[in-house]
Amino acid sequence: MKKEKIIKEYKKKIKDIKKYDKFYHDKNDPLVDDAKYDKLKNEIINLEKKYSFLKNKHSPSQKIGYEPSDKFKKVNHAVPMLSLANAFSIENIKDFVKKIKNFLSIKESEKIFFSAEPKIDGISASIKYINGIFTLGLSRGDGKTGEDITNNLKTISDIPKKIVKPDFPKNIDIRGEVYISKSDFVKIDKQFANPRNAAGGSLRQKNANETKKIPLKFVAYGFGNVETKKFEKQSEFISLLKTWGFNTNPLNKIVSSIEEIEKNHKEIEMQRSDLDYDLDGLVYKVDNLKLQNRLGFVSNSPRWAIAHKFSAEKGFSIIKNIEIQVGRTGALTPVAKIEPVNIGGVVVSNATLHNEDEINRKDIRIGDVVCIQRAGDVIPQVLYVEKIKRNKNAKKFIFPEKCPSCGSKTTKEFNFTTKKKDAVTRCPDLKFNCKEILREKLKHFVSKDALNIEGFGKKIVQNFWDLNLIRYPADIFNLDFKDISNLDGWGNLSASNLENSIENSKKISLDKLIFAIGIRHIGQENAKTLAKYFINIKKFEELFDKEKRKTILEYLLELDGIGETQINSLDNFFSNQNNLNTVSNLIKKLNVSNFKTSKSGIFYGKTIMFTGGLSKMSRAEAKALVEKEGGKILGTASKKLNYLVVGGSNPTSKKVEKAKLMNVKIIDENSWYRLLDR
Ligand code: IVH
């Protein structure tokens, strides 16, 4: 073989392995299976052995593991970077507007103005300016803590480095989207799947000179911390951004009625293919910042904003098989394995079939030709079956009556709210030992909102699970990193990075731990409510004791948001010896910090209950205010209750009488507003 040809072949292989490494380590999303990776690795090493002139720093022979993904310093955001809830239809938007009006307790007919902004599909960043100087640039990270990517962001010419304007705040975080235009994307080396990956990959280069090579752009749309804020509306802020030298989207608009929202959405969707950047929808934000502040947020998303996605893209394929996946809550989800098909630039090979009813309703069978819909990052679904193309021998799909993982007889729960049987089939997992559920719980345990173990994604959980390295959460803290460094695709460096991330995750707050355990019906909000009650891990451990548990659960039932469902689930969970062992083994490995409540709040340490409607705010807003000020809301009057707030409209006299008997302080509506200084 000619030398040039050998070099060319070698370079191609190096390029491939570089790409595989990147997807495996940085994105936790392997492009090829281990066997294929190893084959390529051996081919490269054999070529190097045969031809001594071949050498490359990206060759597996030159590397000990992969470049650390924790190459950037972690910095807390002064104000968290929230994410957005999604709306897929105008009905969802109507709900969103209605909820806002209910929360603010304003009339249906009253107008609310929204800033409607195109949602560019890129990577968000937060840039801190102190006295007009770009001083710190952070990635979103998990929303609370970002990565210090100052040097990389400084290479973007759209981002002003110095702003000398009298009205520019002394200290401000400017937030926006870093992206790459469609036309620039086609010009750069095709090592990224789409413009979004290209922007993300380039921003996270360790060497800022690498970032510089890729033409990144920046559009500003928000703020974090501001001193001193002199604007009152989002739209006013956007106009100011322009005068300060930032790019803003020229398609930003103020909308108010549903008709206007719908029209604007349609118009921009029509222009979508002509725009030089990828859009995945529009963002609506309540324009008035005072109202935004009153609305606040739930978990990680604001009540005052939503993303209105564009309609999905469709494609056709054949169902090769229907598999049943068992989720961490025991839900059995049927998944169609389809002939891979490219839908809007993404190769789809799985589609969710939701549940048994859905399969029956759409009469979906193995071998069917189906229409698949993919919307953004949501799991693709089967829209309908092309019945004319059906093979006459195709058999109806029979939903399993037993859990495919542990063999338990499956059930459908009765839903007390809808007064109907649930559509979801579940493995009851009475003994808490169903293997697939355990594995899925581990995936939840390491995830962002739980332990947040960086670089420990779902794929790694699956991989370690298959290798029998982990079964229970505590096993993660007993891993042997020497053994891991010898696994395929791992090296000393990547193993030691993982060791560091695991070590870092050991310090965890009580609410995150409660959420991470994965108790049914205990989501992030309930975990916070519980942590607020227990405060420290010692008190939480009292749940392990049968007698103490009984008393605790009786009290918890009084807390707002905790009902019979949650209490039964907690009782059920902690009555099981397997679970007690799992949780106590885990706690031994962790350093659980106390739940921090705002000790300065005006309701700190107080319990409050409401009866009757308030005229100036909804019950939801009143409750949110109490929690913000460190107080607890009770659902029933008891000796522990400090205040009963009696609203002007239809208070329950029984509640008032009971509170009087118990000597609870009773507050009327006006005194309530006075307490709040409103
Ligand atoms: S506002 C609470 N405005 O969308 C506010 N986000 O799903 C959250 N994005 O992480 C962000 N254009 O990466 C906002 N005009 C815009 C946006 C925008 C794009 C992205 C951003 C964010 C994600 C939220």
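Residues numbered from 1 in each chain as written. Predicted model: local features only at pLDDT ≥ 70, side-chain atom pairs only at ≥ 80, totals over all residues. Heavy atoms only, no water.

We now examine the overall build of the protein chain. The helix and strand tally for the protein chain stands at 24 helices and 27 strands. What you see for the protein chain is a C-alpha radius of gyration of 28 Å, in line with the 26 Å of a compact globule of 678 residues. Principal-axis analysis of the C-alpha atoms places the extent of the protein chain at approximately 95 × 70 × 60 Å. A total of 678 residues make up the protein chain; the buried ones form 47% of that total. Long-range pairs, those at least 24 residues apart, make up 68% of the contacts in the protein chain with a sequence separation of at least 6. By element, 50% of the accessible surface of the protein chain is carried by carbon and sulfur atoms, the whole surface being about 35,100 Å². With 123 positive and 85 negative side-chain charges, the protein chain shows a spacing of 1 Å between the two charge centroids. (Helix = DSSP H or I, 4+ residues; strand = E, 2+ residues; numbered from the N terminus. Rg over C-alpha atoms; globule rule 2.2 N^0.38 Å. Buried < 20%, exposed > 50% of the residue type's maximum accessible area, 1.4 Å probe, protein only. Contact = heavy atoms within 4.5 Å. Areas by Shrake-Rupley, 256 points an atom, 1.4 Å probe, with all protein chains shown as cover. Lys, Arg positive; Asp, Glu negative; His and termini not counted. Charge placed at Lys NZ, Arg CZ, Asp CG, Glu CD.)

Counted under the stated rule, the structure contains zero disulfides. In this model cysteine 403 remains outside any disulfide bridge; the closest cysteine sulfur is found in cysteine 427, 3.7 Å from its own. The closest cysteine sulfur to the non-disulfide-bonded cysteine 427 is located on cysteine 406, 3.6 Å from its own sulfur. Overall, the relative accessible area of 3% leaves cysteine 427 in the buried class. (Disulfide = S-S within 2.5 Å.)

One pass over the structure, following the stated rule, counts 24 aromatic pairs. Measuring from ring centre to ring centre gives 5.7 Å for phenylalanine 456 and phenylalanine 464, while their planes differ by 75°; the resulting arrangement is edge-to-face. Here the two residues phenylalanine 456 and phenylalanine 464 agree in accessibility, since each one is buried. Between phenylalanine 464 and tryptophan 490, the aromatic rings sit 5.9 Å apart at their centres with planes inclined by 40°, giving tilted as the arrangement. Residue phenylalanine 464 is located in helix H13 (residues 458-466), and its partner tryptophan 490 is located in the loop between helix H14 (481-485) and helix H15 (492-505); the two are separated by 26 residues in the primary sequence. Of the residues examined, phenylalanine 464 reaches a relative accessible area of 0% and is grouped as buried. The exposure class assigned to tryptophan 490 is buried, which follows from its relative accessible area of 11%. Ring pairs connect the aromatic residues Tyr129, Phe134, Phe168, Phe223, Phe231, Phe237, Trp244 and Phe246, which therefore count as one cluster. The positively charged end of lysine 3 is found above the aromatic ring belonging to phenylalanine 53, 4.6 Å away from the centroid. (Phe/Tyr/Trp six-rings, centres within 6.5 Å; stacked < 30°, edge-to-face > 60°. Lys NZ or Arg CZ within 6 Å of the ring centre and 35° of its normal.)

Below, the discussion takes up the sheet that holds strand S26 (residues 643-646). Taken in spatial order, the four strands of this open sheet run S25-S24-S26-S27, and their pairing is parallel. Edge positions in the open sheet fall to strand S25 (632-633) and strand S27 (665-668), since each of these has one partner strand only. Bridge analysis of strand S24 (residues 607-611) against S26 gives four bridges, and the strand direction is parallel. Counted as the bridge partner of threonine 611 is valine 646 from S26. In the packing of helix H24 (residues 669-676) onto the sheet, contacts are made with S24, S26 and S27, and the angle to S27 comes to roughly 90°. (Pairing = 2+ DSSP bridges. Axes fitted to C-alpha atoms, helices over the stretch in contact; angles between N-to-C directions.)

A separate point is the pattern of salt bridges. According to the stated counting rule, one finds 37 salt bridges in the structure shown. Across the pair arginine 365 and aspartate 363 runs a salt bridge whose closest N-O atoms are separated by 3.0 Å. When sorted by exposure, arginine 365 lands in the same class as aspartate 363, which is buried. Across the pair arginine 439 and glutamate 436 runs a salt bridge, and its minimum N-O distance is 3.6 Å. Here glutamate 436 and arginine 439 lie together in helix H12 (residues 435-446), a separation of three residues that amounts to about one turn. (Salt bridge = Lys/Arg side-chain N within 4 Å of Asp/Glu carboxyl O.)

The next point concerns H24. Note that an α-helix has 3.6 residues per turn; residues three or four places apart therefore point the same way. By the burial criterion, the buried members of H24 are Glu669, Trp672, Tyr673 and Leu676. In an axial view of H24, the angular spread of the buried residues amounts to 95°, which keeps them on one side of the axis. Seen from the open side of H24, the exposed residues pointing more than 90 degrees away from its buried face are Asn670 and Arg674. Buried residues along H24 sit in contact with S24, helix H22 (619-628), S26 and S27. A positive phi of about 65° marks aspartate 677, the residue just after H24. (Arc of directions from axis to C-beta.)

Here we come to unusual backbone geometry. With an omega of -5°, the peptide bond between glutamate 227 and threonine 228 qualifies as cis. Assignment of secondary structure puts threonine 228 in the loop between strand S8 (217-227) and helix H8 (234-243). Backbone geometry places aspartate 363, a non-glycine residue, at a positive phi of 45°. Mapping aspartate 363 onto the fold places it in the loop between helix H11 (356-362) and strand S17 (369-374).

Our next topic: the nonpolar core. If you look at the biggest cluster of nonpolar residues, it comprises 67 residues, and the most contacted ones within it are Phe456, Ile476, Phe534 and Leu556. With six residues, the top contributor of residues to this core is helix H16 (residues 510-517). (Core = buried A, V, L, I, M, F, W, Y, C linked by side-chain atoms within 4.5 Å.)

What follows covers the site of the ligand. Taken together, 13 residues sit near the ligand, with Glu117, Lys119, Glu177, Tyr221 and Lys285 positioned nearest. Separating an oxygen atom of the ligand from a side-chain N or O atom of lysine 119 is a distance of 3.4 Å. Here lysine 285 contributes a side-chain N or O atom positioned 3.0 Å from a nitrogen atom of the ligand. No other element matches strand S3 (residues 114-120), which puts four residues into the shell around the ligand. Class assignment for the residues of the shell around the ligand results in eight nonpolar, one polar and four charged. (Near = heavy atom within 4 Å. Polar contact = N/O pair within 3.5 Å; in protein donor to acceptor, adjacent residues only side chain to side chain. Nonpolar A, V, L, I, M, F, W, Y, C, P; charged D, E, K, R; others polar.)

With that out of the way, let us pick up the pairing of S27. As paired strands, S26 and S27 are joined by four bridges and run parallel to one another. Note that in S27 the partner of valine 645 across the bridge is isoleucine 667. With helix H23 (residues 653-661) bridging S26 and its parallel neighbour S27, the resulting β-α-β unit is right-handed. (Right-handed = clockwise from strand over helix to strand, strands pointing away.)

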